[in-house]
Amino acid sequence: MILAKFLLLEKKLVGFEISGHSGFAEQGEDVICAAVSSCAYMVANTVTEIYHTKAEIKNEDGFLSLSVPISESEALQPLFEGFRLHLKAFSEDCKEYLKVRNVSIKK
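Rules used in this analysis
- Residues numbered from 1 in each chain as written.
- Predicted model: local features only at pLDDT ≥ 70, side-chain atom pairs only at ≥ 80, totals over all residues.
- Heavy atoms only, no water.
- Helix = DSSP H or I, 4+ residues; strand = E, 2+ residues; numbered from the N terminus.
- Buried < 20%, exposed > 50% of the residue type's maximum accessible area, 1.4 Å probe, protein only.
- Contact = heavy atoms within 4.5 Å.
- Areas by Shrake-Rupley, 256 points an atom, 1.4 Å probe, with all protein chains shown as cover.
- Axes fitted to C-alpha atoms, helices over the stretch in contact; angles between N-to-C directions.
- Parallel < 35°, antiparallel > 145°, perpendicular 65-115°, else oblique.
- Salt bridge = Lys/Arg side-chain N within 4 Å of Asp/Glu carboxyl O.
- Pairing = 2+ DSSP bridges.
- Core = buried A, V, L, I, M, F, W, Y, C linked by side-chain atoms within 4.5 Å.

Novice: Let's hear about the overall build of the protein: which residues, and what values?
Specialist: Counting its secondary structure elements, the protein contains three helices and five strands. Evaluated residue by residue, the protein yields a buried proportion of 36% over its 107 residues. The contacts of the protein with a sequence gap of at least 6 include a subset with a gap of at least 24, amounting to 60%. Counting every atom, the protein has about 6,500 Å² of accessible surface; 53% of that belongs to carbon and sulfur.

Written as structure tokens, this is what we have:
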């Protein structure tokens, strides 16, 4: 199962963590993993290349995280919220393969 955590600091979205594999199909054939990964990379590239925001990014097999300082997060709220809404709607169609959670973090 893929777990998508959206990170909230002082009620503002400051990033996300995507972990796991959906298990829907074999590696290389899994459309759910591909869809989630594609969306996550699009958001990460938009944050760093379009908004030019310094982000902390970790990328390993089955794991991608991105976080930005709260001072940089205001302009990114629509992007992060759109990503969260997109994955939430997607998870409604494939509950057994994708879960979306909000996680409050501390400084």
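Now that the structure has been shown, we can carry on.
Novice: Run through the packing of helix H1 (residues 31–50) against helix H3 (residues 77–93), naming residues and quoting values.
Specialist: Where H1 meets H3, the closest approach of the two axes is 11 Å, and the angle between their N-to-C directions is 175 degrees. The orientation of H1 relative to H3 falls into the category roughly antiparallel. Each of Ile 32, Ala 35, Val 36, Cys 39, Ala 40, Val 43, Thr 46 and Val 47 in H1 lies in contact with H3, whose residues at this interface are Leu 79, Phe 80, Phe 83, His 86, Leu 87 and Phe 90.

Novice: Could you give me a rundown of the pattern of salt bridges, with the residues and numbers involved?
Specialist: Pairing is possible between side chains of opposite charge, provided their charged atoms come close. By the definition in use, this model includes four salt bridges. Here Glu 92 makes a salt bridge to Lys 95, at a shortest N to O gap of 3.5 Å. Its relative accessible area of 44% is what places Lys 95 among the partly exposed residues.

Novice: Account for the sheet that holds strand S5 (residues 98–104), naming residues and giving values.
Specialist: An order of S3-S4-S2-S1-S5 is seen for the five strands of this open sheet, with the pairing classed as mixed. For this open sheet the edge positions go to strand S3 (56–60) and S5, each flanked by a neighbour on one side alone. Averaged over all adjacent pairs, the angle separating strand axes in this sheet is 15 degrees, with direction ignored. As paired elements, strand S2 (residues 12–19) and strand S4 (residues 63–67) share five bridges and run antiparallel to each other. Within S4, the position partnered with Gly 15 by the bridge is Ser 67. The sheet strands contacting H3 are strand S1 (2–9), S2, S4 and S5, and the helix crosses S2 at an angle near 40 degrees.

Novice: Just give me the short version of the nonpolar core, but keep the residues and values in it.
Specialist: Counting residues in hydrophobic clusters, the biggest one holds 26 residues, and the most contacted among them are Phe 16, Ile 18, Phe 80, Phe 83 and Leu 87. Looking at this core, the elements that each hand over two or more residues are S1, S2, H1, S4, H3 and S5. With sequence-adjacent residues up to four places away left out, Phe 16 is seen in contact with Lys 5, Phe 6, Leu 7, Ala 40, Val 43, Leu 64, Ser 65, Leu 66, Phe 80 and Phe 83.

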